[in-house]
Amino acid sequence: MRNHRIAVVPGDGIGPEVIDASLEVLAAAESAFGFSTRLTRIEAGARHYLRTGELWTAELEEQLRGHDAVLFGAMGDPAVKPGILERGFILAMRKAFQQAVNLRPVKLYEGVATPIAGLTPERCDLVIVRENTEGAYVGRGSTVHAGTPHAVAVQESVNTRPGIERVVEYSFRLAQQRRKKLTLCHKKNILIEAGNLWQDTVDEVGARYPDVEVDYVHVDAMCFHLPVAPERFDVVVTDNLFGDIITDLGAVIQGGMGVAASANLNLDGSAPSMFEAIHGSAPDIAGRGWANPVGAVLSTAMCLASLGEREAALAIEAAAVQVLAALPELSGPGMGLDTAGVGKEIASLVGAGLPQVAGRSVMEDLAGTSGKHGAGVSTPGKSA
Ligand code: IPM
Ligand code: MN
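Everything numeric in this text was worked out from a predicted model, so none of it was measured. (Residues numbered from 1 in each chain as written. Chains lettered and ligands numbered in written order. Predicted model: local features only at pLDDT ≥ 70, side-chain atom pairs only at ≥ 80, totals over all residues.)

What to know about the overall build of the protein
Scanning the protein from N- to C-terminus turns up twelve helices and twelve strands. With respect to the three principal axes, the spread of C-alpha positions in the protein is 55 × 50 × 45 Å. Looking at the protein residue by residue over its 384 residues, the buried ones come to 50%. Across the protein, contacts joining residues at least 24 apart in sequence account for 79% of those joining residues at least 6 apart. (Helix = DSSP H or I, 4+ residues; strand = E, 2+ residues; numbered from the N terminus. Buried ≥ 20, exposed ≤ 12 C-beta atoms within 10 Å, placed from the backbone. Contact = placed C-beta atoms within 7 Å.)

Encoded structure:
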């Protein structure tokens, strides 16, 4: 039987709740689709940090390396200064495991309420490829004369040709599988040095993908195109910080932070990929059952797709969408079911043979571009 070793990091706040719901769905998928998993639950996050002072350690890195994937809940807690856990754990993992791509679908599912009046599912079906290890996220900079009226803060954004090239290459391959359109999102009129490196890389890599149409949009302009004309986009490739910002916008368009999923992909097979909902730990609603677990459930499906479990991933997506579309509200006390209840409903439908969701599924994208059974991703500089 196919077996996958998955490390599970529930973390803080609503993380454990949405992860428990996801594991229920995962168990249902295992019995319906004939594979098994070996789960390792990892204690990490605020409580662990406050007790031990540990964040991302060499031992943990070693332990996680022995897994095929990492399922991640959320991290962040009012008891810990903002940024410590986020940088000390999440960013540390993305970097240590070279999770070069943060793949974030923006897909409005049938029956799901969007705040954008008149938007229909056919018009909103794109993926954002966020560079995930560089840019402003390298954590470099300095402050001179800190705490004085003369303070000078320098925050660096580091852009390397290989770092850009691997995500651009990935994006072209993805576009080839989809509607064959790639949009570079940057701010090259102002951030000239970085913007030119991104544009040159897209131009050069793009020469090897003549069937993919290439476009460019400034990040500020993206903020008005994305809500009102998402049909303009198929694959959007962008810098780490721009990607962080526009994917929150994307999440809102598709129904809110509770439904948005992501995959932090290692592209060269050297370390596990990590899968997490886009939302944070939401300590204000933790423990009440108000969190929508669908973002985490869809991230779990993305994990399975990347591990070669295409059928199971598509079935989870279909089940999650059916349950989502029936919820009176997408989170909070008006959701009608609690977090665990939503997970149970989805789990009960996973083996039901529901038809695949309409439009392009990111599960198909992942099954085709990554994972130990997938087609693999070409290394930078090599043609597709
Ligand atoms: C995200 C989050 C993270 C980020 C934080 C929690 C480090 O906002 O995954 O989008 O900025 O990347
Ligand atoms: Mn974010």
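Moving on, there is more to tell.
Comments concerning the sheet that holds strand β11 (residues 261–265)
Sheets are built from strands paired through backbone hydrogen bonds, the pairs being either parallel or antiparallel. Overall, mixed pairing links the ten strands, which are arranged β2-β1-β3-β12-β11-β4-β5-β10-β8-β9 in an open sheet. The open sheet has two edge strands, β2 (35–41) and β9 (213–218), and neither has a second partner. The average undirected angle you get between the axes of adjacent strands in this sheet is 25°. Two elements, strand β4 (residues 101–107) and β11, share three bridges in a ladder whose sense is antiparallel. What sits directly across from L103, in β11, is A263. With respect to the sheet, helix α7 (residues 219–228) is in contact with β8 (181–186) and β9, its orientation differing from that of β9 by roughly 105°. (Pairing = 2+ DSSP bridges. Axes fitted to C-alpha atoms, helices over the stretch in contact; angles between N-to-C directions.)

Digging into the packing of α7 against helix α8 (residues 240–253)
The contact between α7 and α8 brings their axes to 10 Å, and the two run at 15°. By the angle class used here, α7 and α8 are roughly parallel. In this structure, α7 crosses over α8, and the sense of that crossing is right-handed. In this structure, α7 uses V219, M222, C223, L226 and P227 to contact α8, whose residues at the interface are F242, I246, L249, G250 and I253. Class assignment for the residues of the contact of α7 with α8 results in nine nonpolar, one polar and no charged. (Parallel < 35°, antiparallel > 145°, perpendicular 65-115°, else oblique. Left-handed = near helix turned anticlockwise from the far one by under 90°. Nonpolar A, V, L, I, M, F, W, Y, C, P; charged D, E, K, R; others polar.)

Quick look at the UniProt feature "domain: Isopropylmalate dehydrogenase-like" (unreviewed entry) in the protein
In the numbering used here, UniProt assigns the "domain: Isopropylmalate dehydrogenase-like" (unreviewed entry) feature to residues 5–346. In this annotation, residues 5–346 is assigned 41% helix and 20% strand; the end-to-end C-alpha distance for the span is 23 Å. (UniProt positions renumbered as here; feature names shortened; annotations may be inferred.)

Things to note about the site of ligand 1
The environment of ligand 1 is formed by E86, I90, L91, D244, I278 and G280. When residues of the shell around ligand 1 are assigned to their parent elements, the largest contribution, three residues, is made by helix α4 (residues 84–96). When grouped by side-chain class, the residues that make up the shell around ligand 1 number three nonpolar, one polar and two charged. (Near = placed C-beta within 6 Å.)

Observations concerning the environment of V212
In this fold, V212 is placed in the loop between α6 (192–206) and β9. Exposure remark for V212: the 21 C-beta atoms within 10 Å place this residue in the buried category. Taking the C-alpha atoms as reference points, V212 and V202, ten residues apart in sequence, are found 11 Å from one another. The contacts of V212, once residues within four sequence positions are left out, are F172, A175, Q176, K180, K181, L182 and G206.

Quick look at the nonpolar core
In this structure, V129, M302 and I316 are the most contacted members of the largest nonpolar core, which totals 112 residues. Looking at which element gives the most residues to this core, the answer is helix α10 (residues 310–326), with eleven residues. Beyond its immediate sequence surroundings of up to four residues, M302 is in contact with A261, A263, F275, A313, V362, M363 and L366. (Core = buried A, V, L, I, M, F, W, Y, C linked by C-beta atoms within 7 Å.)

Focus: unusual backbone geometry
Here the phi dihedral of H145 falls at roughly 55°; this positive angle occurs in a residue that is not glycine. Looking at the secondary structure, you find H145 in the loop between β6 (141–144) and β7 (152–155).

Quick look at the packing of helix α9 (residues 294–306) against helix α12 (residues 362–369)
Two quantities define a packed helix pair, namely the angle between the helix axes and the distance between the axes. Across the interface, α9 lies against α12 with an axial gap of 7 Å and an inter-helix angle of 30°. Between α9 and α12, the angle falls in the class roughly parallel. Our pair here, α9 against α12, has a crossing hand that is right-handed. Seen from α9, the contacting residues are A301, M302, A305 and S306; seen from α12, they are V362, M363, L366 and A367. Its residues assigned to classes, the contact of α9 with α12 comprises seven nonpolar, one polar and no charged.

Points about α8
For α8, with 14 residues, the first-to-last C-alpha span of 20 Å sits near the 20 Å given by 1.5 Å per residue. Among the residues of α8, N240, F242, G243, I246, T247, G250, A251 and I253 are the ones counted as buried. Against the buried residues of α8 lie β4, β5 (125–131), β8, α7 and β10 (235–238). (Expected span 1.5 Å × (residues − 1).)

Things to note about the pairing of strand β12 (residues 273–277)
The element β12 is largely enclosed, with a buried count of five among its five residues. In β12, alternate side chains face the same way, and those of S273, F275 and A277 on one face and M274 and E276 on the other are all buried. Summarising the sheet, strand β3 (residues 69–74) and β12 pair through four bridges and their orientation is parallel. Bridged to V70 within β12 is M274. Sheet topology places β11 next to β12; four bridges connect them, and they run antiparallel. Bridge pairing in β12 links S262 to E276.

Let's talk about the environment of A282
Position of A282 relative to the elements: it lies in the loop between β12 and α9. Judged by C-beta crowding, with 21 C-beta atoms within 10 Å, A282 ranks as buried. Sequence separation between A282 and L71 is 211 residues, and the spatial gap between their C-alpha atoms is 18 Å.

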